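What the coordinates show
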Amino acid sequence: MENKKLIVDYITFDITPEMINESMEKNNGRLMVKGVLQRADAKNQNGRVYPRNILMREAKKYAEGPIKSNTAMGELDHPESTIVNLNNVSHNIKRIWWEGNDLMGELELLNTPSGKIAKEIVSAGIPLGISSR
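Residues numbered from 1 in each chain as written. Predicted model: local features only at pLDDT ≥ 70, side-chain atom pairs only at ≥ 80, totals over all residues. Heavy atoms only, no water.

Things to note about the overall build of the protein chain
Of regular secondary structure, the protein chain possesses three helices and six strands. Listing every helix and strand of the protein chain by position from the N terminus yields β-α-β-α-β-β-β-α-β. Across the 133 residues that make up the protein chain, the buried fraction comes to 35%. Partitioning the intrachain contacts of the protein chain with sequence separation of at least 6 by distance along the chain shows that 54% fall at a separation of at least 24. As displayed, the protein chain has an accessible area near 8,700 Å², and 51% of this comes from carbon and sulfur atoms. (Helix = DSSP H or I, 4+ residues; strand = E, 2+ residues; numbered from the N terminus. Buried < 20%, exposed > 50% of the residue type's maximum accessible area, 1.4 Å probe, protein only. Contact = heavy atoms within 4.5 Å. Areas by Shrake-Rupley, 256 points an atom, 1.4 Å probe, with all protein chains shown as cover.)

Dropping the structure here:
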């Protein structure tokens, strides 16, 4: 059996209890979190540097595809596959935007088993990150 190495870049979201309460009140009980999804022109944990023009192109495709169609879902853990397993879905990316070289995102933590785990993690003050593949 072949030993596969999955390339993962992990960036922690900074979420405070106040942000959680405000989000739940503002969004009819739904928890929305914001943070950095990816950084352009900076070395990541894999030693890679993604040029801003490439990330801009791919972010535009993602915004016009999965985000626009409300299918930009992700899983709680780091799956081996790039295909999202609906049994493990924890969040859906609702929008993305640029702040300098940071590609920011707003995610809704879903009321799924994995989404509930993610909500509990952030509610307990444990840093939760996002990884991209």
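Overview of the sheet that holds strand β4 (residues 89-99)
Pairing is antiparallel in the open sheet, where four strands are placed in the order β2-β5-β4-β3. The strands lining the two open edges of the sheet, one partner per strand, are β2 (31-39) and β3 (73-75). Adjacent strand axes in the sheet meet at a mean angle of 40°, parallel and antiparallel pairs treated alike. When β2 meets strand β5 (residues 102-109), the two strands line up antiparallel, connected through eight bridges. Within the sheet, the bridge partner assigned to V36 lies in β5 and is M104. Along the sheet, helix α2 (residues 52-67) contacts β2, β4 and β5; its crossing angle with β4, the most-contacted strand, is approximately 130°. (Pairing = 2+ DSSP bridges. Axes fitted to C-alpha atoms, helices over the stretch in contact; angles between N-to-C directions.)

Examining helix α3 (residues 113-123)
Every buried residue of α3 is accounted for by S114, G115, A118, K119 and V122. End-on view of α3: buried residues confined to an arc of 145°, all on one side of the axis. Among the exposed residues of α3, those oriented more than 90 degrees off its buried face are P113 and E120. (Arc of directions from axis to C-beta.)

Focus on α2
Residues L55, A59 and I67 constitute the buried set of α2. With its buried residues spanning 35° around the axis, α2 presents them on a single face. Exposed and oriented more than 90 degrees from the buried face of α2 are N53, K60 and E64. Buried residues belonging to α2 abut β2, β4 and β5.

Here's the deal with the nonpolar core
Counting 18 residues, the largest nonpolar core has F13, V33, I96, L107 and V122 as its most contacted members. Listing elements by their share of this core, those giving two or more residues are β2, α2, β4, β5, α3 and β6 (128-132). (Core = buried A, V, L, I, M, F, W, Y, C linked by side-chain atoms within 4.5 Å.)

Quick word on unusual backbone geometry
In this model, N28 sits at a positive phi of 55°, which is unusual for a non-glycine residue. Of note, N28 is situated in the loop between α1 (17-26) and β2. For N28, a relative accessible area of 76% corresponds to the exposed category. Its identity is not glycine, yet D41 carries a phi of approximately 55°, on the positive side. What makes D41 partly exposed here is its relative accessible area of 45%.

Things to note about the pattern of salt bridges
One pass over the full model with this rule turns up seven salt bridges. Two residues, D102 and R39, come together in a salt bridge whose shortest N-O distance is 2.9 Å. Taken as a pair, D102 in strand β5 and R39 in strand β2 lie far apart in primary sequence, 63 residues in all. Given the relative accessible area of 37%, R39 is considered partly exposed. One salt bridge connects E58 with R57, and the closest N-O pair in it is separated by 2.8 Å. The class for R57 is partly exposed, based on a relative accessible area of 45%. Taken together, the shared-partner salt bridges in this structure form one network comprising R30, K94 and E108. (Salt bridge = Lys/Arg side-chain N within 4 Å of Asp/Glu carboxyl O.)

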